[in-house]
Amino acid sequence: MKRRLPFQVKLFLSLVVFSSLLLALLGVTLFHFIDRQLHHDLGQRARVQASEIALMPGLAEQVAARNVAAIARLIQPLRNHSDASYIVIGDTREQHLYHSEAPDRLHRPMIGGDNAAVLQGQTIISVRQGGIGVSLRSKAPIFNGAHQVIGIVSVGYLTSYIAHINARLLWQAALYGAVLLLLLFLFSWIFSRNLKKQMFRLEPRDIALLVRQQKALLESMYEGVFAVDDEQRLILINRAARELLAIPHSEPALLGKPLDQVLQLPAHFFSPQQHHDKPAHHDNITVFNQRPVIVNRVAIELEPGSASGWVVSFRDKNDINTLSSQLSQVTRYADNLRIMRHEQLNWTATLVGLLQMRHYDAAMRYIQAQSEGAQKVLDFVSAHFASPTLCGLLLGKYVSAREKGIALIFDPACRLSRLPAGLSETELMSVIGNLLDNAVEATRNGPTPGAPIEVYISDRNQELVIEVADQGCGVEDAIKPQIFTLGFTSKPAVDGAPAGPEHGIGLYLAAGYVRQAGGSIEISDNAPQGAIFSVFIPYNTAIYAGQDND
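Thresholds applied
Residues numbered from 1 in each chain as written. Predicted model: local features only at pLDDT ≥ 70, side-chain atom pairs only at ≥ 80, totals over all residues. Heavy atoms only, no water. Helix = DSSP H or I, 4+ residues; strand = E, 2+ residues; numbered from the N terminus. Buried < 20%, exposed > 50% of the residue type's maximum accessible area, 1.4 Å probe, protein only. Contact = heavy atoms within 4.5 Å. Areas by Shrake-Rupley, 256 points an atom, 1.4 Å probe, with all protein chains shown as cover. Salt bridge = Lys/Arg side-chain N within 4 Å of Asp/Glu carboxyl O. Pairing = 2+ DSSP bridges. Axes fitted to C-alpha atoms, helices over the stretch in contact; angles between N-to-C directions. 1 Å grid on protein atoms, 1.4 Å probe; cavity = no way out; pocket = protein on both sides within 12 Å on 5 of 7 lines; lining within 4 Å. Points joined across faces, edges and corners; volume = space filled by probe spheres on them. Nonpolar A, V, L, I, M, F, W, Y, C, P; charged D, E, K, R; others polar.

(A) Just the overall build of the protein, in detail. Across its full length, the protein holds 14 helices and 15 strands. By residue count, 38% of the 550 residues in the protein fall in the buried class. The long-range fraction of contacts in the protein, counting pairs at least 24 apart against all pairs at least 6 apart in sequence, stands at 57%. Element-wise, carbon and sulfur atoms account for 59% of the exposed surface of the protein, whose accessible area totals about 30,900 Å².

What follows is the structure in structure tokens.
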């Protein structure tokens, strides 16, 4: 199997090769620039020197007289201070009258073939093969008093001398380039290492695989999921979310858009204060696109305490209600069967005892008394409440409370023939059931465990009113504002252990359903003791849609 280099090594090698090629290209460019600039500067320097020598006092007379010794005495001091490779003086016949580097060339012809323009009075710069080699030179004419050309001055720099200067400059540049290349190696290694660290030391193919797995996972989820950045722009939304919220557009068409252009959210849904209090919110009831949902949201924190976005998952509350309703029905059915079995065993044992003792009249009176009590409650709830489900709930709660030694007393004015538009039958069962369970529990923990519980349910005056009054331990004023908070319970700890996660949910759900229907729920003190829970839901109020129930 062919071994693959790690991403960090490949990135490092790529940066090194690129840096080396870049430095090589820069070196070639720098060489050509330096060489061109050096030729220009030395050419101008040779031109200046040639022009100044041609104007030296006395030189024209000595050239005209062809006095070689006098010319040498004039030029030699200048030659000692010049950096030029040579200085040459010639006459109009293009013969050497002075050569600083080759005295044996005196009276020999000047080589190069570039003297025609000089003899016409022009100063030139050229690169030619001379007597001692190829050189960059400048030639200037020597004029007599009548402004006639009588000689030539040539100052030149050998190309070998120019190459030596170039080599020295390039060596310095190469040294700096080597240091720079070493720094680039170090930078490339640190950069590739930090980049790999930011990628959680994953290879690109691993990241690509994770992205594909994440996309497949999100698309296969039943719950809706979407994510936003710190500016509340949509960065992710799965298929279930689009289907649940009836969004017809595909995910690519939605990404990058402000969230409020895609969803209808409650005000302050992404409140900074909420994140400051707790960065995660679980099982909150709210409304998206006019659809009740149960929401979980978690902050995306690149740094602790600093939210750079949110991930939100939600599910249809109606699905939860369906499951809750089915579970509640099964639970109530099982509880009622258990209670009825227990009561039936007691009745049967009592009846068997009376019959064995042949107290037939007492047995008949016992049978009539038991039937009369149960039938009276059944007749009352059937006559005052139109919902069979509600009748079954109230009858089951009545039998359950009686088994615990607590009587449920229904107000004679009770009546319920219809439900508010914003409250389903399942939600009504949850509200009443939780209030009754809470009242029974408070009564059992109160100073008089056998005190009755009073129930009033009415739909008169265009308002659904539910009141449950107990004579239990009551609710302290200090905890009344928190009694409907998720997870809060006033139940005492047992043997130092907390009440448990199953508590602190019932009143939270009841309050959520009531507020969602546009109603209110209140707590007041009962006399002489206990508490009264009152629910008010108007019939003419629009369905609630806009605030989460944290």
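(B) Main features of the pattern of salt bridges. Enumeration according to the criterion identifies 15 salt bridges in this entry. One salt bridge in this structure joins lysine 397 and aspartate 437, with 2.6 Å as the shortest N-O distance. Here lysine 397 is found in helix α12 (residues 388–403), whereas its partner aspartate 437 is found in helix α13 (residues 425–444), with 40 residues between them in sequence. Here aspartate 437 falls in the partly exposed class, since its relative accessible area comes to 38%.

(C) Highlighting the sheet that holds strand β12 (residues 453–458). Reading across from one edge, β11-β12-β13-β15-β14 is the order of the 5 strands in this open sheet, with mixed pairing throughout. Two strands lie at the open edges of the sheet, namely β11 (408–410) and β14 (520–525), each paired on one side alone. Averaged over all pairs of adjacent strands, the angle between their axes in this sheet comes to 15°, without regard to strand direction. As paired strands, β11 and β12 are joined by 3 bridges and run parallel to one another.

(D) Structural detail: empty space enclosed by the protein. Counted by the stated rule, this structure contains 1 cavity of 30 Å³ or more. Volume-wise, the largest cavity comes out at about 120 Å³. Around the largest cavity, the lining is made up of 13 residues, and of these Val88, His96, His99, Gly131 and Arg137 lie nearest the centre. Elements represented by at least two residues in the lining of the largest cavity include exactly β1 (86–91), β2 (96–99) and β4 (133–143). When its residues are assigned to classes, the lining of the largest cavity shows 5 nonpolar, 5 polar and 3 charged.

(E) The arrangement of the sheet that holds β2 in detail. Strand order in the open sheet formed by 5 strands is β2-β1-β5-β4-β3, and the pairing between neighbours is antiparallel. Looking at the sheet topology across the chains shown, the edges are occupied by β2 and β3 (124–130). Averaged over all neighbouring strand pairs, the angle between strand axes comes to 25°, with direction disregarded. With 3 bridges connecting them, β1 and β2 associate as antiparallel partners. Its bridge partner being in β2, valine 88 is matched across the sheet by histidine 99. Packed onto the sheet, helix α5 (residues 159–198) meets β4 and β5 (149–158) and runs at close to 35° relative to β5.

(F) Structural detail: unusual backbone geometry. A cis geometry characterises the amide bond from alanine 527 onward to proline 528, with omega recorded as 0°. Turning to its location among the elements, proline 528 is positioned in the loop between β14 and β15 (531–538). One non-glycine residue, histidine 107, adopts positive backbone phi at about 65°. Tracing the backbone shows histidine 107 in the loop between β2 and α4 (116–119). For arginine 358, which is not glycine, the phi torsion reads 60° and is therefore positive. One can find arginine 358 in the loop between α10 (317–356) and α11 (360–384). Since its relative accessible area comes to 66%, arginine 358 is described here as exposed.

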